[in-house]
Amino acid sequence: MTRPDLVRKIRAAVDVDAVTGLTQDLVRIRSENPPGRETEIAGHLRERAPDLGLAATVVETAPGRQNLLLTTGSRPGAPVLLVNGHLDTVPVRPNAWRHDPFGGEVADGRIYGRGAADMKGGVAAALTALQVCRSLGLELPCELVFHLVADEELGGAQGTAALVARDLVRADACLDPEPTGLRLCLAERGLMFATVTTNGVPAHGSEPAKGRSAIISAAAIAQVLHDNEFPQTPHPLLGTTTCNVGTIRGGSGPNVVPEECLLEIDRRVLPGESRAMAVQGIVDRIASLGLVRGTDYDLRVDTFCEPSEIAPGHPFVGYVADAFAAMTGRAPGTTGLPFTTDARFMRNQLGIPAVVFGPGDLAVAHTVDEYVEIDALVTAVGVYACLFAGFAGTAPMADNAGGSSADTDVEGVPSAR
Ligand SMILES: [Zn+2]
């Protein structure tokens, strides 16, 4: 079959009802994280696996935390294409929603609900794409593996990081169907959550000059970090870093010069910037105020997730771009993500080229009345089917783009996004 014939057949075989129905099914199964409960949704997909010709393995990393590993089965010498998608979602405050967050309602060409965009729609589209390939009787040139994982929203310690630690992630390339508005996402910022604690000298509130206020030091630090004047070169897809001072807590009462004040900060980092470099940047900015670490303040890194990227010219990027062009008749746009995804484990730790590409608008992920466009789901199914039908292997990552594995720290991540 020629490539244009194949593309025509795939386009005709995409089943709108199938991808819509599966997305609705997944939205209706709650899997919010926290608290983290992926067992029911993993079980639902496990039951469907035989219909897709997939063999299933469940990896439970903690009670209620299940990762579902599916494979079409290995063929001697065939390259392995991994689809990594997460089954957890961020929580919901239902009162603010106009649509039932767990109803999977269809309106105006959209499916509404928590996870519709991030990323149950993407998972449904990838599984439906395999169904399309099977319905056409295509023999895939690759082994197709799905890792439908827990805990991405809180950093992946119970999900992809656990699979990596158990040496269960082996692939030649990885597709991550997170919501990118059907653009190819080739880079993502990392993050560092840190706590700055300023030290003061307490005194009676009636004589503040006799003490030194930890709150006044913290206020100055908050301003200088918020100003974000870190030395940096803007990234073509990611722009600049940012620094948000998210919480402040200090003092014991109005009549006491405060002895201690805590600031929690969220510093986003660009590819090439390590944990040590990010810490040094903050220390240097605070030093410009004349404040010394260890004396005037302490700095503790609470979480570090490293940035990652793949070269735009990498052959696997070409595979995904070609599949997109074949299905839509136009070249895909490229983009970067301001936050981290599980793609960083592939790119940084395993050297597996990873492209994040999926249906759903990034801007509605994690929001009230989250939705995914059915048209985008249908396009994604076609692009994924083209990719699955054409993937014949690729080169590993040339180098470690974002940081070393020693930088990865997903223990106790309060919110990776
Ligand atoms: Zn996501």
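These figures come from a predicted structure and were not determined experimentally.

Peer 1: What should I look at first to understand helix α9 (residues 343–350) in this one?
Peer 2: Taken across its eight residues, α9 has six buried, putting it largely inside the fold. Among the residues of α9, those classed as buried are A343, R344, F345, M346, R347 and N348. Looking one or two residues past α9, G351 carries a phi angle of roughly 70°, positive in sign.

Peer 1: Sorry, what's going on with the sheet that holds strand β11 (residues 260–269) here?
Peer 2: Sheet strands pair by backbone hydrogen bonding; their relative direction is either parallel or antiparallel. Reading across the sheet, the four strands line up as β10-β11-β9-β12 and stay open at both edges, with antiparallel pairing between neighbours. With one partner strand each, in any of the chains shown, β10 (242–250) and β12 (297–305) form the two edges of the open sheet. Adjacent strand axes in the sheet meet at a mean angle of 20°, parallel and antiparallel pairs treated alike. Relative to β11, strand β9 (residues 190–199) runs antiparallel, the two being bridged by ten bridges. Looking at the pairing, M192 lines up with R267 of β11. Across the sheet, helix α7 (residues 275–287) lies against β9, β11 and β12, angled at about 150° from β12, the strand it touches most.

Peer 1: Would you mind going over the coordination of the zinc ion with me for this structure?
Peer 2: Each donor-metal-donor angle in an ideal tetrahedron of four donors is 109.5 degrees, and each such angle in an ideal octahedron of six donors is either 90 or 180 degrees. Within the protein, the zinc ion binds to H86 (NE2), D118 (OD), E178 (OE) and E178 (OE); these donor distances fall in the range 1.8 to 2.7 Å. Here the zinc ion is ringed by four donor atoms whose angles at the metal span 52 to 146°, and the overall shape comes out irregular. Summarised as a motif, the one-chain spacing of the donors to the zinc ion is H-x31-D-x59-E. Of the two residues, H86 sits in strand β3 (residues 80–86) while E178 sits in the loop between β7 (173–176) and β8 (184–188), which places them 92 residues apart along the sequence. A relative accessible area of 1% means that H86 is categorised as buried. Note on E178: relative accessible area 1%, which makes it buried.

Peer 1: It is not clear to me how the packing of helix α1 (residues 3–13) against helix α10 (residues 374–390) should be interpreted in this structure. Could you clarify?
Peer 2: Angle between the axes and distance between the axes are the two parameters that describe a pair of packed helices. For the pair α1 and α10, the least separation of the axes is 10 Å and the interaxial angle reads 140°. One finds that α1 runs oblique with respect to α10. α10 is crossed by α1, and the crossing has right-handed handedness. Between α1 and α10, the contacting residues are R3, L6, V7 and I10 on the first element and G382, A385, C386 and A389 on the second. Among the residues forming the contact of α1 with α10, the class breakdown is six nonpolar, one polar and one charged.

Peer 1: Explanation requested: the side chain of T23 in the structure shown.
Peer 2: Within the secondary structure, T23 is located in helix α2 (residues 16–28). Look past the residues within four positions of T23 in its chain and what remains in contact with it is I111, K120, G121, A124, V372 and L377.

Peer 1: Mind showing me how you'd approach the pairing of β9 here?
Peer 2: Remember that side chains alternate between the two faces of the sheet whenever the strand is regular. Burial of β9 is extensive: nine of the ten residues sit out of reach of the surface. The pairing of β9 with β12 spans eight bridges and is classified as antiparallel. Looking at the pairing, F193 lines up with T303 of β12.

Peer 1: How should the nonpolar core be read in this particular structure?
Peer 2: One broad trend across soluble globular proteins is that nonpolar side chains are buried collectively. Judged by nonpolar contacts, the single largest core of 68 residues is most densely connected at L81, L127, F146, L148, F357, Y384 and F388. The leading source of residues in this core is α10, at twelve residues. The residues touching F388, leaving out its near neighbours within four places in the chain, are L81, V83, A126, A129, L130, C133, L140, P141, C142, L144, F146 and L175. Counting 24 residues, the second-largest nonpolar core is a separate cluster that includes V196, I265, I282 and V283.

Peer 1: Quick question: what am I supposed to make of the side chain of T241 here?
Peer 2: As for its placement among the helices and strands, T241 is situated in the loop between α6 (214–226) and β10. Take T241: its relative accessible area is 2%, and that puts it in the buried class. Non-local contacts of T241, meaning those with residues more than four positions away in its chain, are made with R189, N228, F230, Q232, R267, R268, V269, L270 and E273.

Peer 1: Sorry if this is basic, but what is going on with the domain arrangement of the chain here?
Peer 2: By convention, interface size is frequently given as the accessible area that disappears when the constituent parts associate. Domain annotation of the chain identifies domain 1 (3–188 + 307–407) and domain 2 (190–305). A C-alpha centroid distance of 37 Å is found between domain 1 and domain 2. Each partner contributes residues to the interface: domain 1 has 17 residues there, and domain 2 has 15 residues. Both faces considered, domain 1 and domain 2 share a buried interface measuring about 1,100 Å² in area, 62% of it formed by carbon and sulfur atoms.

Peer 1: Can you walk me through the sheet that holds strand β4 (residues 106–107) in this structure?
Peer 2: Strand order in the open sheet formed by three strands is β4-β5-β16, and the pairing between neighbours is antiparallel. Every interior strand has two partners, whereas the edge strands, β4 and β16 (371–373), have only one. Examined bridge by bridge, β4 and strand β5 (residues 110–112) share two bridges and lie antiparallel to one another. Pairing of A107 across the sheet is with R110, part of β5. On top of the sheet, α2 reaches β4, β5 and β16; it is set at about 15° to β5, its chief contact. In this fold α10 packs onto β4, β5 and β16, with an angle of close to 60° to the strand it touches most, β16.

So, how was this worked out
Residues numbered from 1 in each chain as written. Predicted model: local features only at pLDDT ≥ 70, side-chain atom pairs only at ≥ 80, totals over all residues. Heavy atoms only, no water. Buried < 20%, exposed > 50% of the residue type's maximum accessible area, 1.4 Å probe, protein only. Helix = DSSP H or I, 4+ residues; strand = E, 2+ residues; numbered from the N terminus. Pairing = 2+ DSSP bridges. Axes fitted to C-alpha atoms, helices over the stretch in contact; angles between N-to-C directions. Contact = heavy atoms within 4.5 Å. Donors = N, O, S within 2.8 Å, 3.2 Å for Na, K, Ca; no water. Tetrahedral: all angles 85-135°; square planar, octahedral: opposite > 155°, others 65-115°. Parallel < 35°, antiparallel > 145°, perpendicular 65-115°, else oblique. Left-handed = near helix turned anticlockwise from the far one by under 90°. Nonpolar A, V, L, I, M, F, W, Y, C, P; charged D, E, K, R; others polar. Core = buried A, V, L, I, M, F, W, Y, C linked by side-chain atoms within 4.5 Å. Domains from an automatic or database assignment. Buried area = accessible area lost by both parts, 1.4 Å probe.

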